[in-house]
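Here is what each chain is made of, one letter per residue.
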Amino acid sequence: MRNRIKAILDSPIVAGIEWVQFEQTSYYHLVLLKREKGEIKILDQALRLTSFAQLQEKIDDGIPCHLVANIRGIIHRKLPATNSTPQQILQSVFPNASLEDFYLQKEKIAKGCIASVVRKTMIDQLVIDFAQAGLWLLSVRLGSFDVKYLRPFIQESDVLHTTTQSLFFDATQQLVDFEKHIPTSNESQYVKLESERLDNQLLVAFAASFKALMNQPNQGLAIPAIQQNEEELFHKKLFQKAGWTLLLGTLILLIFNLLFYYQFKEKNDALGTQMIYTNNQLQTLDSLRSKVDRQKKFLQNTQLNQNSKSSFIADRIAASLLEGLQLSELEIFPIKGKAEDYKMQDLIPYNKEEVLIKGYCKNSSSYNRWIKVLQNLEWVAAIQHLDYKDISTELGAFELKLVISL
């Protein structure tokens, strides 16, 4: 599980560094490689950097560094194939030496191996310098032997010259031997690496970063500080990845919440608008119901909905009139009280059993005869004489009330 997580967290950018030392001169070669869409590209390269400050300027934080040391004090010996212990191999290279004081590197070749030995104090101080410079050093190798990983891509002879060593390969492109190489001049020589032209002084730095990107076995020196660096960088990237994942997840969650908020807000606004419209409709319905109820009460009070009583009464009264009589006013179902006593919104009550009649007659005898005629009508329950006066010798005015029983 850890290896899967590590593969996910592996940086796509790797720095390969060669530490070179001649006499009193010490400098660094640097190659930054990036794996992108199945291809490996050179991001940056530099020759003869003389300080860690220059390395810091070119290597961003979090980029793993892989160092190859080609300095004074390293001893390389070609040994026959052997199953000897590390202490025995060290004794073969450096008699009376102890693994407590020296780092040992074993490089397999076609026939035997190459043993490389260096004092721990030299490498440990270098690791401390890298740490103080804020560079993540993940491996240290001795010699230029990692160039063997580039041999299949180089269209050259069977000998590759690096800054400090010449490497010899057989027909199967396996490393078979090496020897010390001292450049005859400061002029750069170039090798063709696929479609790239690369200064041969950068071969070792290129090989170190290429090997890391291709996930080849580390085979570096067993330095406790390096192992601690690898663990710390792993956890740093894990926390960064988890932090970004959490932040991205939170951002996505917030975006979804925002989308849901606006979606539900739109629905809520639509429902609010619909509720306002519904309330208006309900108010209109209540108003209409109130009007209908008032109309029903009006019809019930006036009995206008019962076979047109007012038309019947008016017709019968007109038919009963005698010669010499003339009506001036006929009020069927008169209002109770006075009209000015009611407001516009009031429901006006009517006397649905009364009829008020005013008119003129030639004399009182014709008026009395008409009253008798009205008394004989079935729907007339009573007649109340309200007023009579003579206007002249040939004209009188009368006023009466009929109480009906329809």
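Here's what I pulled together on the structure shown here. Note on numbering: residues in each chain are counted from 1, in written sequence order. Only residues with pLDDT of at least 70 are given local features in this predicted model, and only at 80 or more are side-chain atom pairs given and counted; all residues enter the totals for whole chains, interfaces and linings. Hydrogens and water molecules were not included; the side-chain quantities draw on all heavy atoms of the structure.

### Topic: the pairing of strand β15 (residues 354-361)
Part 1 of the argument: A simple rule labels every residue: compare its accessible area, found with a 1.4 Å probe on the protein chains alone, to the largest value its type can have, and call it buried under 20%, exposed over 50%, or partly exposed in between. Only DSSP runs of H or I covering at least 4 residues are called helices, and only runs of E covering at least 2 are called strands; the numbering of each starts at the N terminus. Side-chain alternation along β15 places Val355, Ile357, Gly359 and Cys361 on a buried face and Glu354, Leu356, Lys358 and Tyr360 on a face that remains uncovered.
Part 2 of the argument: Where strand β14 (residues 325-332) lies against β15, seven bridges are found, and the strand directions are antiparallel. By the bridge assignment for β15, Leu325 is matched with Cys361.
Part 3 of the argument: Here eight bridges tie β15 to strand β17 (residues 395-404), and the two strands are oriented antiparallel to one another. Counted as the bridge partner of Tyr360 is Ala397 from β17. Whether two strands pair depends on DSSP finding at least two bridges between them.

### Considerations on the pairing of strand β1 (residues 13-22)
For a regular strand, side chains alternate in direction, first toward one face of the sheet and then toward the other.
Part 1 of the argument: Extensive coverage of β1 is indicated by the burial of nine of its 10 residues.
Part 2 of the argument: The antiparallel pairing of β1 with strand β2 (residues 25-36) creates a hairpin that spans two residues between the two strands, and Glu23 there sits at a positive phi of about 50 degrees.
Part 3 of the argument: Bridge analysis of β1 against strand β4 (residues 64-70) gives six bridges, and the strand direction is parallel. Paired with Ile17 across the bridge in β4 is Leu67.

### Details of the sheet that holds β14
Part 1 of the argument: The strand order β14-β15-β17-β16 describes an open sheet built from four strands, whose pairing is antiparallel. Here the strands that pair on one side only, and so sit at the sheet edges, are β14 and β16 (380-392). For this sheet the average axis-to-axis angle between neighbouring strands, irrespective of direction, equals 15 degrees.
Part 2 of the argument: The sheet strands contacting helix α7 (residues 309-320) are β14, β15 and β17, and the helix crosses β14 at an angle near 165 degrees. Under this scheme, a helix contributes an axis fitted over its contacting stretch, all axes are lines through C-alpha atoms, and angles between N-to-C directions fall in the 0 to 180 degree range. The contact definition used throughout considers only heavy atoms, calling two residues in contact when any of these lie within 4.5 Å.

### Side note on the side chain of Thr162
Part 1 of the argument: In this fold, Thr162 is placed in the loop between β9 (159-161) and β10 (165-169).
Part 2 of the argument: For Thr162, a relative accessible area of 1% gives the class buried.
Part 3 of the argument: Those residues within four positions of Thr162 in sequence are excluded, and the remaining contacts are Ser144, Val147, His181, Asn200 and Val204.

### Notes on the packing of aromatic side chains
Part 1 of the argument: Classification of ring pairs uses Phe, Tyr and Trp, with its six-membered ring standing for Trp, and accepts pairs whose centres are within 6.5 Å; under 30 degrees between planes counts as stacked, over 60 as edge-to-face, and the remaining range as tilted. Under the criterion given, the structure shown has 14 aromatic pairs.
Part 2 of the argument: Measuring from ring centre to ring centre gives 4.9 Å for Phe52 and Phe130, while their planes differ by 85 degrees; the resulting arrangement is edge-to-face. One end of the pair, Phe52, is in helix α2 (residues 52-58); the other, Phe130, is in helix α4 (residues 120-132), with 78 residues separating them in the sequence.
Part 3 of the argument: Here Phe52 falls in the buried class, since its relative accessible area comes to 16%.
Part 4 of the argument: On the basis of an interplanar angle of 20 degrees and a centroid distance of 6.3 Å, the ring pair of Phe206 and Phe210 is categorised as stacked. Of the two residues, Phe206 and Phe210 are both situated in helix α5 (residues 203-213); the distance of four residues between them amounts to about one turn of the helix. Like Phe206, the residue Phe210 is buried in the burial classification.
Part 5 of the argument: Through successive ring pairs, a cluster of aromatic residues spans Trp19, Tyr28, Phe52 and Phe130.
Part 6 of the argument: Geometrically, a charge over a ring is one whose NZ (Lys) or CZ (Arg) sits within 6 Å of the ring centre while staying within 35 degrees of the ring normal. Directly above the ring of Tyr190 sits Arg197, whose terminal nitrogen or CZ lies 4.4 Å from the centroid.

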